[in-house]
Amino acid sequence: MSLWGGRFSEPSDEELRQLNDSIPFDHILYAEDIEGSMVYARALAGAGVISADEAETIIQGLRQVTEEFDADRFQLAEGDEDIHTAVERRLTEIVGDVGGKLHTGRSRNDQVATDFRLWAMRAADGLADELRRLQAAIVTLAEQHTETLMPGYTHLQPAQPISAAHWLMSFFWMLERDLDRLHSARRRMAVCPLGSGALAGSPFAVDRRRIAAELGFDRPSANSLDAVSDRDFVADMLYAICLCAAHLSRMAEDILIYSNPAFGFITLDDRYSTGSSLMPQKRNADPMELMRGKTGRLIGNLTGFLSTLKGLPSGYNKDLQEDKEALFDAVETMRRLLPVVGATVRHLRINEDAMEAALTEDLLATDLADYLVGRGLPFRQAHHVVGSVVRLAADRGESLSQLPLSVLKGVSTVFAEDVAAVFSFERSARQRNSIGGAAPDAVRGQIAEAKARLSS
Ligand code: ARG
């Protein structure tokens, strides 16, 4: 039996019922739904709407419902259109008519908004823990490679030498911002809609501050009409997840490129690589492709849900039921991805020799210009001079360091004997010792800061 049958002379069409039912996916909110109901029963007693004994009976009945769900013994019945309906129906079977008092002053509109916020707050905490583990894996690997040099790229073209640690740590900081976004989304979630009724508030003196506090919210919502249809928290969290996934997708792309034999900078552990059913030599980085691929799906969840929101009139509308599958899917996708991405990083092998072999002297062209700047040449001119030197070296089929000093002097008289010192990748990296730079000391500095954040 539905919760709203009184006004109708005929039951809903079966196909509409199937379309309308959210129980197939919102049953995972059972714990939050029941917690909300227990607190609400106490609030009704506090307001004198039901007796303390009645509240106790309801709470005992709800405990039994929880046990049935926990043990996977809960039996769905005809008419259980969503988790709220199912829980109330079962409660009333267990405790009798008094169960019918629980919904006094409450609507599924404030109920679902409350349940889903609670669920999202917990999900955000779970994802944050997993992100921390991934960051720790990055730091552990980076610590071993502050002196391992590799080409840094812009436009995917060789640019300047950096260390493998510097490359790895760049993702730590992206994830640090992602965590911050997740935390701030969670902070905005912690506002309790329960007590807003269907849209206009409650005529019963339920203590909304107390309800909010008992459920772990920071405060009750300030406007009941807003509260029942505010799904900012869903969009916030989807966005936080999306950007985090976009960062990890970029990391995945780097790992895919660097593990390609043409680069050979890194090797994925066997457990996190896959083979080909046809080509015996293949070693594919499928986990990274899944990270990249599923990011598209996550972005779809966000844009899809924003489209759902944008045209809604005030108050609750059934469109809002779309919030759940979008966020459930996004959270579940991340829950599956993050441990695998973390383990892939944890077991990544850095091939120091291949990285070193990829260091070509053109990566030192900026250092050569900086050398001329050190000898008084304006940078713009130095840039031009070194451009000519690079072209000359290419024409002669020589590397920069192979060019005789006389040839260099032919391009600019500023060159002198000590130019030889410039042709060192270690020196190049060491020079970039500004805060946040690629110099080993600077990278050890960021690692120390990262570790302090991990342990705080
Ligand atoms: N299953 C619904 C949802 O997820 C619960 C709220 C239903 N409210 C209503 N007025 N029909 O949005």
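Before any of the text, the structure's been laid out above.
Residues numbered from 1 in each chain as written. Predicted model: local features only at pLDDT ≥ 70, side-chain atom pairs only at ≥ 80, totals over all residues. Heavy atoms only, no water.

Trainee: Hey, could you go over the pairing of strand E1 (residues 149-154) for me, with residue numbers and the actual values?
Mentor: Relative to strand E2 (residues 157-163), E1 runs antiparallel, the two sharing six bridges. Bridge pairing in E2 links Thr-154 to Gln-157. Where E1 hands over to E2, the hairpin turn is made up of two residues, of which His-155 adopts a positive phi near 55°. (Pairing = 2+ DSSP bridges. Helix = DSSP H or I, 4+ residues; strand = E, 2+ residues; numbered from the N terminus.)

Trainee: Please provide a residue-by-residue account of the site of the ligand, values included.
Mentor: Neighbouring the ligand are the residues Ser-22, Asp-26, Asp-82, His-84, Arg-108, Asn-109, Val-112, Tyr-316, Gln-321 and Lys-324. In the model, a nitrogen atom of the ligand is placed 3.0 Å from a nitrogen or oxygen of the Ser-22 side chain. One nitrogen or oxygen atom from the side chain of Tyr-316 is found 2.4 Å from an oxygen atom belonging to the ligand. For the ligand, whose free accessible area comes to 350 Å², the fraction covered by protein is 87%. If you tally residues by element for the shell around the ligand, the top one is helix H6 (residues 108-143), at three residues. Residues belonging to the shell around the ligand are distributed by class as follows: two nonpolar, four polar and four charged. (Near = heavy atom within 4 Å. Polar contact = N/O pair within 3.5 Å; in protein donor to acceptor, adjacent residues only side chain to side chain. Areas by Shrake-Rupley, 256 points an atom, 1.4 Å probe, with all protein chains shown as cover. Nonpolar A, V, L, I, M, F, W, Y, C, P; charged D, E, K, R; others polar.)

Trainee: Outline a negative patch on the surface, supporting the account with residue identities and numerical values.
Mentor: A surface patch of like charges, here negative, comprises Glu-352, Asp-353, Glu-356 and Glu-426. It is helix H13 (residues 352-357) that contributes the most residues to the negative patch, three residues altogether. Within the secondary structure, Glu-352 sits in helix H13. (Patch = residues over 30% accessible without salt bridge, like charges linked within 9 Å, V, L, I, M, F, W, Y side chains within 5 Å. Salt bridge = Lys/Arg side-chain N within 4 Å of Asp/Glu carboxyl O. Lys, Arg positive; Asp, Glu negative; His and termini not counted. Charge placed at Lys NZ, Arg CZ, Asp CG, Glu CD.)

Trainee: So what's going on with the packing of aromatic side chains? Which residues, and what values?
Mentor: This structure, assessed with the given rule, holds 15 aromatic pairs. With a centroid separation of 4.5 Å and an interplanar angle of 10°, the aromatic rings of Tyr-30 and Phe-69 are classed as stacked. A residue pair is termed long-range when its members are at least 10 positions apart, and Tyr-30 in helix H3 (residues 30-46) and Phe-69 in helix H4 (residues 52-70) qualify at 39 residues. You can call Phe-69 buried: its relative accessible area is 13%. Ring plane angle 35° and centroid distance 6.0 Å describe the contact between Tyr-258 and Phe-263, whose orientation is recorded as tilted. Take Tyr-258: its relative accessible area is 5%, and that puts it in the buried class. Assessed through its relative accessible area of 26%, Phe-263 is described here as partly exposed. Between Arg-7 and the ring centre of Phe-8, over which it is positioned, the NZ or CZ distance is 5.7 Å. Looking at Lys-324, its charged tip hangs above the ring of Phe-116, at a distance of 5.6 Å from the centre. (Phe/Tyr/Trp six-rings, centres within 6.5 Å; stacked < 30°, edge-to-face > 60°. Buried < 20%, exposed > 50% of the residue type's maximum accessible area, 1.4 Å probe, protein only. Lys NZ or Arg CZ within 6 Å of the ring centre and 35° of its normal.)

Trainee: So what's going on with the packing of helix H10 (residues 232-259) against helix H11 (residues 286-310)? Which residues, and what values?
Mentor: For any two helices packed against each other, one specifies the inter-axial angle together with the distance between the axes. Between H10 and H11, the least distance of the axes is 8 Å, while the angle of their chain directions is 155°. Relative to H11, H10 is oriented roughly antiparallel. In this structure, the crossing between H10 and H11 has a hand that is left-handed. Here the contact of H10 with H11 is composed, by residue class, of 19 nonpolar, three polar and three charged. (Axes fitted to C-alpha atoms, helices over the stretch in contact; angles between N-to-C directions. Parallel < 35°, antiparallel > 145°, perpendicular 65-115°, else oblique. Left-handed = near helix turned anticlockwise from the far one by under 90°.)

Trainee: Pulling in residues and values, what's your account of the nonpolar core?
Mentor: Residues Ile-138, Met-237 and Leu-327 are the most contacted members of the largest nonpolar core, which totals 108 residues. In contact with Met-237, other than residues within four places in its own chain, are Ala-120, Ala-123, Ala-124, Leu-127, Ala-185, Met-189, Leu-327 and Val-331. The next biggest cluster of nonpolar side chains, apart from the first, holds 27 residues, and it includes Leu-364, Leu-372, Ala-393 and Phe-423. (Core = buried A, V, L, I, M, F, W, Y, C linked by side-chain atoms within 4.5 Å. Contact = heavy atoms within 4.5 Å.)

Trainee: For the pattern of salt bridges, give the residues involved together with the corresponding values.
Mentor: Per the stated rule, a full pass over the model turns up 37 salt bridges. Here Asp-230 and Arg-117 are joined by a salt bridge, their closest N and O atoms 2.8 Å apart. Pair noted here: Asp-230 is in the loop between helix H9 (224-229) and H10 and Arg-117 is in helix H6, with a separation of 113 residues, a long-range link. For the pair formed by Asp-230 and Arg-117, the shared burial category is buried. The partner of Glu-449 in a salt bridge is Arg-453, and the shortest N-O contact between them spans 2.9 Å. Remark: Arg-453 and Glu-449 occur in helix H18 (residues 440-455); sequence separation between them is four residues, near one turn of the helix. According to the relative accessible area criterion, Arg-453 is partly exposed, its value standing at 33%. If you follow the salt bridges from partner to partner, you end up with Glu-68, Asp-80, Arg-89, Arg-90 and Glu-93 in one network.

Trainee: Give a detailed account of H18, specifying residues and quantitative values.
Mentor: For H18, built from 16 residues, the straight-helix expectation of 22 Å at 1.5 Å per residue is met to within 8% by its first-to-last C-alpha distance of 22 Å. Those residues of H18 lying buried are Pro-440, Ala-442, Val-443, Gln-446, Ile-447 and Ala-450. For H18, the arc enclosing every buried residue in end-on projection is 160°, short of the 170-degree limit, so these residues lie on one face. More than 90 degrees from the buried face of H18, the exposed residues found are Asp-441 and Ser-455. (Expected span 1.5 Å × (residues − 1). Arc of directions from axis to C-beta.)

Trainee: Tell me about the environment of Thr-85, and name the residues and values.
Mentor: Along the chain, the position of Thr-85 falls in helix H5 (residues 83-95). For Thr-85, a relative accessible area of 2% translates into the label buried. Spatially, the C-alpha atom of Thr-85 lies 75 Å from that of Val-386, the residues being 301 residues apart in sequence. Beyond its immediate sequence surroundings of up to four residues, Thr-85 is in contact with Leu-3, Gly-79, Asp-80 and Arg-108. Of the polar contacts made by the side chain of Thr-85, one reaches the side chain of Asp-82; its length is 2.5 Å.

Any functional reading would require information beyond the geometric quantities listed.
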